[in-house]
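# Summary of structural features
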Amino acid sequence: MGEMMSWTGADAVDYKGNPADRSKTGGWLPAALSLGIEICERLSTMGIAVNLVTYLGGTMHLSSATSANIVTDFMGTSFLLCLLGGFLADSFLGRYRTIAIFAAVQTIGTGLLALSTKLPELRPPPCHASDITKCERASGLQMGVLYIALYLIALGTGGLKSSVSGFGTDQFDEKDKKEKAQMAYFFSRFFFVISTGTLMAVTVLVYIQDEVGRSWGYGICSLSMFIAILIFLSGTRRYRYKKCLGSPIVHICQVVVAVVKKRKIELPSNTASLYENYPEESRIQHTDHFRFLDKASVVTKGDYGDDGSFACNPWQLCPVTRVEEVKMLIKLLPIWATTIIFWSTYAQMITFSVEQASTMERSIGHFQIPAGSLTVFFVAAILITLGFYDRFIIPLWKKWKGKPGFTNLQLIAIGLFLSAGGMASAAIVEVKRLSVANPYGTTKTTLPISVFYLIPQFFLVGSAEGFIYTGQLDFFITQSPKGMKTMSTGLFLTTLSLGFFFSSLLVSIVKAVTGSSGKQGWVGENINGGRLDCFYGLLAALSFINFGLFLLCVSWYKRKTVKQVPEKEIIVKVSSAQEKS
């Protein structure tokens, strides 16, 4: 009997494909081996993102708007590719192979980026002109090599984000009390590692890039990722592996295809006649919302073979439970859509705000703060805000309302409001900075205005990120169907992706509309010659409007959710601040 108790559930196997022995596989040590991969991914992605805009403008001689769009497109693609990574992991490769393959891709990408910043042939000649328009810009070949490197990194990031945390949890058996407790400990360490990687990226790595050399900074990323892969592979015999069960994306597509095929049939008056093959204990009860989707569960003559036998084709007939899962996801979409714009405001903090910092006085004694390192106030804001929430707001709220903190939707609402305030603050500070810059024109002279004027916008948007990220993650996980938890996490990550892409689109539109008749417009070649304050003001207005729409969507969601799944109240730990996975 004791020997039998050492085996895990049937869904966990060892590296040979045999049922996993709990005494020989899994647990804290194998789970910890994946943490090296995650810290190096954070180091690379954030170290590149927060300081890339200064390289594009200062070395590649690109305009302010173009540089910002390259950064936001890079980040948007990284998060969008999480869906691809998750699909491959769930359907074909499994999480172990997905991590190994995409970590190698990111290693190659950072290595190529280090090479492109090292070789003079891959950069335009240095230019010391005060006006960037007089400098020779990077050629198509030089930008092509840079793009290949960046998007290899984005591909690697997308694959890793989709699988690292999930693979770590695969090492624990939730049915075992001891291992379940170890899983919670793993998550707290996982969050801490992410925070550590981000802090190292915006401080140490950015300093190395600016003071020692870009190639050294990116080379360190590539080398550290290579070492992390070796450490990860060393645990191959100790890992537990989960079998590929198929992607929820395929299940959603099956429902959509079945509805399209049966769009002309009439729905039966008795919903009990709809097709269902799930066990009683795992079924989702039929609802009257989005009734047109019920057509996917209507049994027709086409669902029987020529010999009269029942032949269930999942692309033509779907069980009620699967249709209801799609309905649940649809109900999440308005909330999902109204959280996208926050990540557009976030994008400004690693693009235009870094450019602002590069023009301002950043010295403390004889030490000059790298412009990209100003994003450290993001980390500080999140830790301080969530620490205050954890230690003061939660006990107060529990005493007053009898609940351990705000609900996930309340957290998101607070974050959206703070981010709108952050953009308003950014607009006001930019008015002050432009008034100081006016006598200097578009020269590269450091302006006599302290960079610490930017702290309020960093702090407000950083605090907003802490609330929104934890609220979004909890909302999508707790309110999504049980069989689509991976899909719901991917849905959440797409808000980050689309937010960055929307930022690029907005910059392009503003540049085209305000930059006519040979004028630079609000954004363009040089921020000293533009009206970034107006652009920030536009984002603030859009954010406040979006906040109002969010409140309407919350009201609609609660009305549609007849039998509301109880919201999981969040007790946010400070160490969970920077999870981007």
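Residues numbered from 1 in each chain as written. Predicted model: local features only at pLDDT ≥ 70, side-chain atom pairs only at ≥ 80, totals over all residues. Heavy atoms only, no water.

## A word on the pairing of strand 6 (residues 447–450)
Burial along strand 6 is one-sided: the face carrying Leu-447 and Ile-449 is buried and the face carrying Pro-448 and Ser-450 is not. Bridging between strand 3 (residues 360–361) and strand 6 involves two bridges; their strand directions are parallel. Bridge pairing in strand 6 links Glu-361 to Ser-450. (Buried < 20%, exposed > 50% of the residue type's maximum accessible area, 1.4 Å probe, protein only. Helix = DSSP H or I, 4+ residues; strand = E, 2+ residues; numbered from the N terminus. Pairing = 2+ DSSP bridges.)

## Considering the state of the cysteines
The final tally for this structure, using the stated rule, is one disulfide. Between the sulfur of Cys-127 and that of Cys-135 lies a disulfide, 2.1 Å long from S to S. Judged by the torsion about the S-S bond (-70 degrees), the Cys-127/Cys-135 disulfide is left-handed. Like Cys-127, the residue Cys-135 is buried in the burial classification. This cysteine, Cys-312, is not joined by any disulfide, and Cys-318 carries the nearest cysteine sulfur, 7.7 Å off. A relative accessible area of 34% means that Cys-312 is categorised as partly exposed. (Disulfide = S-S within 2.5 Å.)

## Examining the nonpolar core
Counting residues in each nonpolar core, the largest one holds 105 residues, and the members touching the most others are Phe-352 and Phe-535. For Phe-352, the contacting residues outside a window of four places in its chain are Ser-64, Ala-65, Ala-68, Val-507, Val-523, Ile-527, Leu-532, Phe-535 and Tyr-536. The next biggest cluster of nonpolar side chains, apart from the first, holds 17 residues, and it includes Val-13, Leu-33, Tyr-96 and Phe-167. (Core = buried A, V, L, I, M, F, W, Y, C linked by side-chain atoms within 4.5 Å. Contact = heavy atoms within 4.5 Å.)

## Some words on empty space enclosed by the protein
Tallied over the entire structure, the rule returns two cavities of 30 Å³ or more. The space that makes up the largest cavity amounts to roughly 60 Å³. Met-46, Thr-198, Tyr-346, Thr-375 and Phe-378 are, among the 11 residues lining the largest cavity, the residues nearest its centre. For the lining of the largest cavity, the secondary-structure elements that each account for two or more residues are helix 2 (35–58), helix 6 (177–211) and helix 12 (376–401). Across the lining of the largest cavity, the residue classes tally to seven nonpolar, three polar and one charged. (1 Å grid on protein atoms, 1.4 Å probe; cavity = no way out; pocket = protein on both sides within 12 Å on 5 of 7 lines; lining within 4 Å. Points joined across faces, edges and corners; volume = space filled by probe spheres on them. Nonpolar A, V, L, I, M, F, W, Y, C, P; charged D, E, K, R; others polar.)

## Things to note about the packing of aromatic side chains
Evaluated as defined, the whole model comprises 30 aromatic pairs. Judged by centre distance (5.5 Å) and plane angle (25 degrees), the ring pair of Tyr-389 and Phe-406 falls under stacked. Of the two residues, Tyr-389 sits in helix 12 while Phe-406 sits in the loop between helix 12 and helix 13 (408–437), which places them 17 residues apart along the sequence. Overall, the relative accessible area of 13% leaves Phe-406 in the buried class. Here the aromatic residues Phe-79, Phe-342, Trp-343, Tyr-346, Tyr-469, Phe-475, Phe-476, Phe-492, Phe-500 and Tyr-557 are joined through ring pairs into a cluster of three or more. (Phe/Tyr/Trp six-rings, centres within 6.5 Å; stacked < 30°, edge-to-face > 60°.)

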